[in-house]
Number of protein chains: 2
Amino acid sequence: MTSAVKMTDTPAHPLDRLSALLGGDMVQVNGVILRNMESDVALIPQLAAYLIAAGGKRIRPLLTLACTRLYNDHSPRPYGLAASVEFIHTATLLHDDVVDESVERRGKASANVVFGNQASVLVGDFLFSRAFQLMVADGSLEVLRILSTASAVISEGEVLQLAAANNVATNMDDYNAIIAAKTAALFAAACEIGPVIAGAGGDAQRAMRDFGHHLGMAFQIADDILDYTADQSRLGKTVGDDFREGKLTAPVILALAEASDEERAFWTRTMAERRQTEADLAAAQAILTQHDAFSRGLALARGYAEKAQQALMTAPAGDLRDALADVLAFSIDRAY
Amino acid sequence: MTSAVKMTDTPAHPLDRLSALLGGDMVQVNGVILRNMESDVALIPQLAAYLIAAGGKRIRPLLTLACTRLYNDHSPRPYGLAASVEFIHTATLLHDDVVDESVERRGKASANVVFGNQASVLVGDFLFSRAFQLMVADGSLEVLRILSTASAVISEGEVLQLAAANNVATNMDDYNAIIAAKTAALFAAACEIGPVIAGAGGDAQRAMRDFGHHLGMAFQIADDILDYTADQSRLGKTVGDDFREGKLTAPVILALAEASDEERAFWTRTMAERRQTEADLAAAQAILTQHDAFSRGLALARGYAEKAQQALMTAPAGDLRDALADVLAFSIDRAY
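Throughout what follows, the structure given in this document is the object of discussion. Everything numeric here is computed off the predicted structure, so don't read it as measured data.

This paragraph deals with the interface of chain A and chain B. In this complex, chain A contributes 34 residues to the contact, which on the side of chain B involves 34 residues. Of the roughly 3,200 Å² buried between chain A and chain B on both sides combined, carbon and sulfur atoms contribute 76%. The interface formed by chain A and chain B holds 14 residue pairs in polar contact (both at pLDDT 80 or more) in total. Of all the secondary structure elements, the ones that give two or more residues to the side of chain A that touches chain B are helix H3 (43–53), helix H5 (77–100), helix H7 (117–138) and helix H8 (141–164) of chain A.

This is the structure we're talking about:
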């Protein structure tokens with residue numbers, strides 16, 4: 001964070017600005033995260049510490065905090081629940097990396113490579129259980145309902161994605177269903193529990209769920225575009241992962257819909273049959289550019305962002321709402 | 001079940017007798033299980049149906065039902081929670097088989113072999129989430145506390161077991177800690193929630209937790225002996241799994257404590273270095289027999305069973321308590 005270097009400046013990154021607005025809240029959440037990764041079983045805090053050191057922007061717990069404070073609740077209640085949301089996310093990352101046979105995450109060797117698939121599966125299970133223990137400690141059955149439902153939907157989305165992998169017949173409806181489940185469900189839940197904690201009522205709860213859902217959709221589409229367009233050193237993830245794994249995402253699906261026979265043969269060979277040469281990623285990028293697949297994908301993301309913005313505008317006006325609007329804009333900006 | 005063939009006879013298997021005593025309760029639980037394995041994502045019910053067809057005695061949900069009825073609660077409440085307990089168990093089985101690289105479970109190819117490791121990890125996550133949704137639908141925060149804690153402890157136990165694998169320095173304290181976490185914790189929780197549902201008070205809750213814990217310890221030790229001694233067609237699992245995986249269990253740990261240099265070299269080669277020949281399992285069985293490792297292991301299991309029996313005797317007398325005592329006795333008998 002640049003804010004650590006120049007304390008008087010406004011942080012450049014919208015998530016850092018949001019975090020700064022929330023005062024010491026994220027420090028408290030990080031404390032809960034660290035305390036709850038403790039275990040007598042040494043491998044658990046070791047693997048957990050590795051994940052923490054790998055960083056990540058903690059966007060989901062930030063959303064929970066912001067959506068609680070937005071409705072004027074300034075209690076410590078969201079700390080445990082924000083940590084719970086981050087634990088669910090971390091557990092799914094650990095299991096995803098095993099499922100995808102990933103070798104890198106956030107610019108570092110992924111946990112499954114360093115600690116093995118076995119430890120990644122089991123520590124994922126541990127973090128998932130801890131998430132529910134934190135919710136139980138909070139005691140809201142409504143929050144438990146929201147987050148247990150989101151967890152089930154996430155795993156359905158992951159299974160759906162697995163079934164769609166290497167299938168060049170995947171269409172935008174399939175894709176939207178997958179990202180709604182695997183990504184937007186947890187964004188929606190992270191935001192929805194804010195007004196629940198604050199006791200802000202059903203309208204606020206629905207508005208923040210809508211905000212989170214649409215933000216999550218925009219975020220994931222932008223992420224899937226970045227997988228082809230990003231500056232690798234800036235993205236902190238391996239460019240071309242989706243291509244190499246044969247994961248059909250928005251840009252490819254859009255380009256496939258108007259593909260020539262030759263292009264269709266290219267996508268079938270590289271993504272369905274996974275027979276790839278070193279030159280294929282660059283060729284894929286060229287085809288996607290030629291079909292305006294990135295700008296058309298971005299337009300879809302912008303459509304979701306507009307809906308998210310509409311939902312956000314029903315929340316009380318102020319610095320926090322403005323900061324959330326900036327995070328929303330950034331979720332797409334980063335994909336340019 | 002033989003009871004399906006001859007309805008008038010008393011079922012021979014203690015778990016079938018317990019099930020018969022509970023009337024239609026297990027039919028209800030099986031209905032909840034089937035309904036909650038449904039998903040629009042086809043692979044989930046497919047994999048789930050495969051697991052159901054593979055059978056299993058459903059001992060954990062039976063314990064939840066029995067420990068509720070034992071305290072005179074005859075409501076439908078335990079159905080969802082018994083299903084929840086079975087889902088947690090099934091999720092850990094799915095993940096275990098991935099972690100252990102198992103090829104067989106209950107006499108059938110294991111799910112990871114048929115559907116792949118990826119689907120097993122993700123469907124395990126789905127069932128785990130469903131378990132929490134079922135608890136939330138019930139609405140008892142105390143039950144949620146008990147089962148979320150048990151889940152966290154189970155994954156700690158699995159990580160502990162992973163760390164101890166192939167380590168011939170594993171002692172009985174390590175082993176007891178592992179099986180207390182990976183097995184006895186869920187038995188204890190399955191039993192403890194019975195009196196919680198029935199509102200039977202703290203003494204009953206503690207007694208059933210103790211009963212479940214000690215039953216689970218006895219059950220796991222017996223299971224670990226059976227892994228060397230069972231008639232493969234009867235056990236419905238591959239004999240020698242623990243040996244091949246280098247999993248240090250009670251009989252081996254007991255034999256290692258008094259091993260000759262030659263025997264120690266044998267265990268080091270076969271279990272630590274996992275260099276095994278076809279004749280090694282028979283050699284291991286011979287060494288274990290020579291050191292009375294099976295009968296000494298059984299004596300330990302009997303010690304736990306006695307403590308379980310003491311806890312059980314504090315519960316109201318009757319057919320149900322007698323049937324639970326039979327299940328307890330059987331948990332060891334099957335290891336002869």
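Met208, Phe211 and Trp267 of chain A together with Met208, Phe211 and Trp267 of chain B are the most contacted members of the largest nonpolar core, which has 220 residues in total. Setting aside its immediate chain neighbours within four residues, phenylalanine 211 of chain A contacts Leu63, Cys191, Ala308, Ala311, Leu312, Leu324 and Leu328 of chain A.

Let us look at the pattern of salt bridges. All names here are of chain A. Inspection of every chain in the model, using the stated rule, returns 30 salt bridges over all chains. Between aspartate 203 and arginine 206 there is a salt bridge; the shortest N-O distance is 2.9 Å. Pair noted here: aspartate 203 and arginine 206 are both in helix H10 (residues 202–229), with a separation of three residues, about one helical turn. By relative accessible area, aspartate 203 is classed as exposed at 61%. Residue arginine 244 pairs with aspartate 241 through a salt bridge whose shortest N-O separation is 3.7 Å. Of the two residues, arginine 244 and aspartate 241 both sit in helix H12 (residues 241–245), three residues apart, roughly one turn of that helix. Judged by relative accessible area, which is 36%, arginine 244 ranks as partly exposed.

A few words now on the relation of the copies chain A and chain B. At an RMSD of 0.0 Å, chain A and chain B line up after a rotation of 180° and a shift of 0.0 Å along the axis. Read as a symmetry element, the transformation amounts to a two-fold axis.

To continue, consider the packing of helix H1 (residues 14–21) of chain B against helix H4 (residues 59–69) of chain B. Residue and element names in this part refer to chain B. The N-to-C vectors of H1 and H4 enclose an angle of 40°; their axes lie 11 Å apart at closest approach. If you check the angle between H1 and H4, you find them oblique. Here H1 runs over H4; the crossing is left-handed. Mapping the contact onto sequence places Leu15, Leu18 and Ser19 in H1 and Ile59, Leu62 and Ala66 in H4. Its residues placed into classes, the contact of H1 with H4 shows five nonpolar, one polar and no charged.

Residue and element names in this part refer to chain A. A surface patch of nonpolar side chains, amounting to about 260 Å² of accessible area, comprises Val103, Val113 and Val114. Take valine 114: it is sitting in helix H6 (residues 111–115). For valine 114, a relative accessible area of 44% puts it in the partly exposed group.

All names here are of chain A. Checked against the element boundaries, leucine 328 lands in helix H17 (residues 319–333). Here leucine 328 falls in the buried class, since its relative accessible area comes to 3%. Apart from the residues within four sequence positions on either side, leucine 328 is in contact with Phe211, Leu215, Ala305, Ala308 and Gln309.

This brings us to the packing of helix H5 (residues 77–100) of chain B against helix H7 (residues 117–138) of chain B. The description of two packed helices rests on the angle between their axes and on the distance between the axes. Residues and elements named next belong to chain B. Between H5 and H7, the shortest axis-to-axis distance is 8 Å and the interhelical angle comes to 160°. With respect to their mutual orientation, H5 and H7 come out roughly antiparallel. As for the relative orientation of H5 and H7, their crossing is left-handed in sense. For the contact of H5 with H7, the per-class residue count stands at 14 nonpolar, seven polar and four charged.

Once that is clear, we can look at H7 of chain B. All names here are of chain B. Along its 22 residues, H7 runs 32 Å from first to last C-alpha, staying within 8% of the 32 Å computed at 1.5 Å per residue. Most of H7 is tucked away, with 18 of its 22 residues classed as buried. Positioned one or two residues after H7, glycine 139 has a phi angle of 95°, which is positive.

What counts as what
- Residues numbered from 1 in each chain as written.
- Chains lettered and ligands numbered in written order.
- Predicted model: local features only at pLDDT ≥ 70, side-chain atom pairs only at ≥ 80, totals over all residues.
- Heavy atoms only, no water.
- Contact = heavy atoms within 4.5 Å.
- Buried area = accessible area lost by both parts, 1.4 Å probe.
- Polar contact = N/O pair within 3.5 Å; in protein donor to acceptor, adjacent residues only side chain to side chain.
- Helix = DSSP H or I, 4+ residues; strand = E, 2+ residues; numbered from the N terminus.
- Core = buried A, V, L, I, M, F, W, Y, C linked by side-chain atoms within 4.5 Å.
- Buried < 20%, exposed > 50% of the residue type's maximum accessible area, 1.4 Å probe, protein only.
- Salt bridge = Lys/Arg side-chain N within 4 Å of Asp/Glu carboxyl O.
- Least-squares fit on C-alpha atoms with pLDDT ≥ 70 in both.
- Axes fitted to C-alpha atoms, helices over the stretch in contact; angles between N-to-C directions.
- Parallel < 35°, antiparallel > 145°, perpendicular 65-115°, else oblique.
- Left-handed = near helix turned anticlockwise from the far one by under 90°.
- Nonpolar A, V, L, I, M, F, W, Y, C, P; charged D, E, K, R; others polar.
- Patch = residues over 30% accessible without salt bridge, like charges linked within 9 Å, V, L, I, M, F, W, Y side chains within 5 Å.
- Areas by Shrake-Rupley, 256 points an atom, 1.4 Å probe, with all protein chains shown as cover.
- Expected span 1.5 Å × (residues − 1).

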